[in-house]
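What the coordinates show
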2 protein chains.
Amino acid sequence: MNSHKIPDIIIGRLPIYLRALQRLAEKGILTTSSQELGEIIGISAAQIRKDISQFGEFGKQGTGYSIPFLIERLRDILKVNRVWEVVIVGMGDMGHALARYNGFTNRGFHINMVFDNDPGKVGQKAGDYEILDTATLVEKIKQNKIKVAMLTVPAATAQEVADQLVKAGIRAILNYAPTSLNVPSNVHVQYIDPATHLQRMTYYLD
Amino acid sequence: MNSHKIPDIIIGRLPIYLRALQRLAEKGILTTSSQELGEIIGISAAQIRKDISQFGEFGKQGTGYSIPFLIERLRDILKVNRVWEVVIVGMGDMGHALARYNGFTNRGFHINMVFDNDPGKVGQKAGDYEILDTATLVEKIKQNKIKVAMLTVPAATAQEVADQLVKAGIRAILNYAPTSLNVPSNVHVQYIDPATHLQRMTYYLD
């Protein structure tokens, strides 16, 4: 599919390009430039051109990038031109927020099942989903061959649940718990705790 | 404070080092190595050594890094050895989850006020906070000299609210809305939408 190994740091920027392009497309805009994209995203035009050129020749000199074409190419590269089924584990406030979140549409993901280990929550509704018992997690994820999970349990139990997810065949974990996870090298983890993202900005403040 | 300009990409990794170090400290561990940190975080030991050496000489050959010392240095660099007051705008599920989130403790942030524009929500409680009217946002943020905001409004109104936040003097916005924001160059935005983080991982899946 991809003819060479692309550095992870570039892969990390592609979803940001894709989001900005999809937003332009929603406004009915058909072409853009690395300058325009750079201003929207806050990345230099030169960096954007360099990143995108990793995947072949896109924009033509003077005419810019075709937005629909670039969106399709990025969706293909990131493998989100399909729909990945996703589980949520941990039906606290954050789990409920994610179960009801409408930002996954057209982004390549669909919430399939949601889990909690609290007997008072199992069987209740979270958005459109019935909350399932975490005790059945490994079996149900295996049955449905699900590869992607969002982890919204407390930090103290996050590693234990992550071990279960790995055992169930999960290959990508979006971790909302404010803790690091140890997983095998073929399992990918992204950390999305707000404090870490805020700390990235305070460096620049007075 | 900082003797030279550190590339943003390195700044982006420092909060991740800090989180891992704080987790080790919680376990009572006093020293670590770039190898150990690298295994926890999934970044090469060489990269970690290179990043940390930007800020001076830390670890000694053979004895590794002093965790308390490195934590204090990173907290100083990232300016989270103080407490930043933070506002949340948008008291939907995500806003409520953040208002009750306990992962900010010892990370440099404190939720100060929360806002919503829904008359049915204004005056109600979200965690320990009374929900304030977004109409009063500019005035209240200015009065309290708050610099950091978390934006959890729908995508359609995110830009409009961001404009108000900028007007109020906010310098750092953590954006949960699945949309890009246009802000002046002296205002920092971090995007924390889950789809973008998930897309960063699907590239690596089969």
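Note that the structure is predicted; figures quoted are calculated from it, not measured. (Residues numbered from 1 in each chain as written. Chains lettered and ligands numbered in written order. Predicted model: local features only at pLDDT ≥ 70, side-chain atom pairs only at ≥ 80, totals over all residues. Heavy atoms only, no water.)

Scanning chain A from N- to C-terminus turns up 8 helices and 9 strands. Each of the three principal axes of chain A carries a C-alpha extent, and together these read 60 × 45 × 35 Å. For chain A, with 206 residues in total, the buried portion stands at 53%. Once local pairs closer than 6 in sequence are excluded, the contacts in chain A between residues at least 24 apart make up 56%. The averaged location of the 20 negative side-chain charges in chain A is 7 Å from the averaged location of its 23 positive side-chain charges. (Helix = DSSP H or I, 4+ residues; strand = E, 2+ residues; numbered from the N terminus. Buried < 20%, exposed > 50% of the residue type's maximum accessible area, 1.4 Å probe, protein only. Contact = heavy atoms within 4.5 Å. Lys, Arg positive; Asp, Glu negative; His and termini not counted. Charge placed at Lys NZ, Arg CZ, Asp CG, Glu CD.)

Attention now moves to the sheet that holds strand β5 (residues 125-126) of chain A. If you trace the 7 strands from one edge of the open sheet to the other, you get β5-β6-β4-β3-β7-β8-β9 (chain A), paired in mixed fashion. The sheet is open, and its two edges are formed by β5 and β9 (188-191) of chain A, each paired on a single side. (Pairing = 2+ DSSP bridges.)

Now for the side chain of D116 of chain A. All names here are of chain A. Along the polypeptide, D116 turns up in strand β4 (residues 109-116). Salt bridges are absent for the buried D116, whose nearest opposite-charge side chain, K121, sits at 4.0 Å. A polar contact of 2.8 Å, which involves the side chain of D116, links it to the backbone nitrogen of D118. Discounting residues that sit within four places of it in the chain, D116 has contacts with G90, M91, G92, K121, V122, I131, L132, D133 and T134. (Salt bridge = Lys/Arg side-chain N within 4 Å of Asp/Glu carboxyl O. Polar contact = N/O pair within 3.5 Å; in protein donor to acceptor, adjacent residues only side chain to side chain.)

Turning our attention to the sheet that holds strand β6 (residues 129-133) of chain B. All names here are of chain B. Spatially, the 7 strands line up as an open sheet ordered β5-β6-β4-β3-β7-β8-β9, and their pairing is mixed. Each edge of the sheet is formed by a strand with only one pairing partner; in this case those strands are β5 (125-126) and β9 (188-191). The pairing of strand β3 (residues 84-89) with strand β4 (residues 109-116) spans 6 bridges and is classified as parallel. Along β4, the bridge assignment pairs E85 with H110. Against the sheet, helix α7 (residues 155-167) makes contact with β3, β7 (148-151) and β8 (172-175), and its axis sits at roughly 170° relative to β7, the strand it touches most. (Axes fitted to C-alpha atoms, helices over the stretch in contact; angles between N-to-C directions.)

Time to look at the interface of chain B and chain A. Each partner contributes to the interface: chain B provides 64 residues, whereas chain A provides 66 residues. When chain B packs against chain A, close to 6,700 Å² is buried across both sides, 60% of that on carbon and sulfur atoms. Linking chain B with chain A are 10 salt bridges. D8 of chain B serves as the salt-bridge partner of R200 of chain A, at 2.6 Å between the closest nitrogen and oxygen. It is helix α1 (residues 8-26) of chain B that contributes the most residues to the side of chain B that touches chain A, 10 residues altogether. Its residues assigned to classes, the side of chain B that touches chain A comprises 37 nonpolar, 14 polar and 13 charged. (Buried area = accessible area lost by both parts, 1.4 Å probe. Nonpolar A, V, L, I, M, F, W, Y, C, P; charged D, E, K, R; others polar.)

All right, on to the confidence of the model for chain A then. Overall, the prediction assigns chain A a mean pLDDT of 90, with 96% of residues at 70 or greater. Overall fold confidence (pTM) sits at 0.79, and the ipTM for the predicted complex is 0.90. (pLDDT = per-residue confidence, 0-100.)

Moving on: the environment of P178 of chain B. Note that P178 of chain B resides in the loop between β8 and β9. Between the C-alpha atom of P178 of chain B and that of V161 of chain B, which follows or precedes it by 17 residues, the distance is 14 Å. Setting aside its immediate chain neighbours within four residues, P178 of chain B contacts R19, Y101, G103 and R107 of chain A together with A155 and D193 of chain B.

Here we take up the relation of the copies chain B and chain A. Overlaying chain B on chain A yields an RMSD of 0.0 Å, the required transformation being a rotation through 180° with an accompanying axial translation of 0.0 Å. Viewed as a symmetry operation, the transformation between the two copies matches a two-fold axis. The share of interface residues of chain B whose copies in chain A are also at the interface is 100%, consistent with both copies meeting through the same surface. (Least-squares fit on C-alpha atoms with pLDDT ≥ 70 in both.)

In this structure, D51 of chain B sits in helix α3 (residues 45-53). Other than its neighbours up to four places away in sequence, D51 of chain B contacts I10, R13 and Y17 of chain B.

So, on to the nonpolar core. Note that soluble globular proteins tend to have their nonpolar side chains buried in a common cluster. Membership of the largest hydrophobic core comes to 102 residues, with the highest contact counts inside it found for L14, F104 and M150 of chain A together with L14, F104 and M150 of chain B. If sequence neighbours within four positions are ignored, F104 of chain B has contacts with P194, A195 and L198 of chain A together with L98, F109, I111 and M150 of chain B. (Core = buried A, V, L, I, M, F, W, Y, C linked by side-chain atoms within 4.5 Å.)

Moving on: the packing of aromatic side chains. Residue and element names in this part refer to chain A. Per the stated rule, a full pass over the model turns up 4 aromatic pairs over all chains. Judged by centre distance (5.0 Å) and plane angle (75°), the rings of Y101 and F104 are edge-to-face. For Y101, a relative accessible area of 16% puts it in the buried group. With a centroid separation of 4.9 Å and an interplanar angle of 90°, the aromatic rings of Y203 and Y204 are classed as edge-to-face. (Phe/Tyr/Trp six-rings, centres within 6.5 Å; stacked < 30°, edge-to-face > 60°.)

This brings us to helix α7 (residues 155-167) of chain A. Structural remark: α-helix, 3.6 residues per turn; residues separated by three or four positions point the same way. Between the first and last C-alpha of α7 of chain A there are 19 Å, a value that for 13 residues agrees with the 18 Å anticipated at 1.5 Å per step. Listing the buried residues of α7 of chain A in full gives A155, A158, V161, A162 and L165 of chain A. Packed against the buried residues of α7 of chain A are β3 (84-89), α6 (137-143), β7 (148-151) and β8 (172-175) of chain A together with α1 of chain B. (Expected span 1.5 Å × (residues − 1).)

On to helix α3 (residues 45-53) of chain A. By the burial criterion, the buried members of α3 of chain A are A45, I48, D51 and I52 of chain A. The arc that holds every buried residue of α3 of chain A, seen down its axis, measures 130°, which confines them to one face. (Arc of directions from axis to C-beta.)

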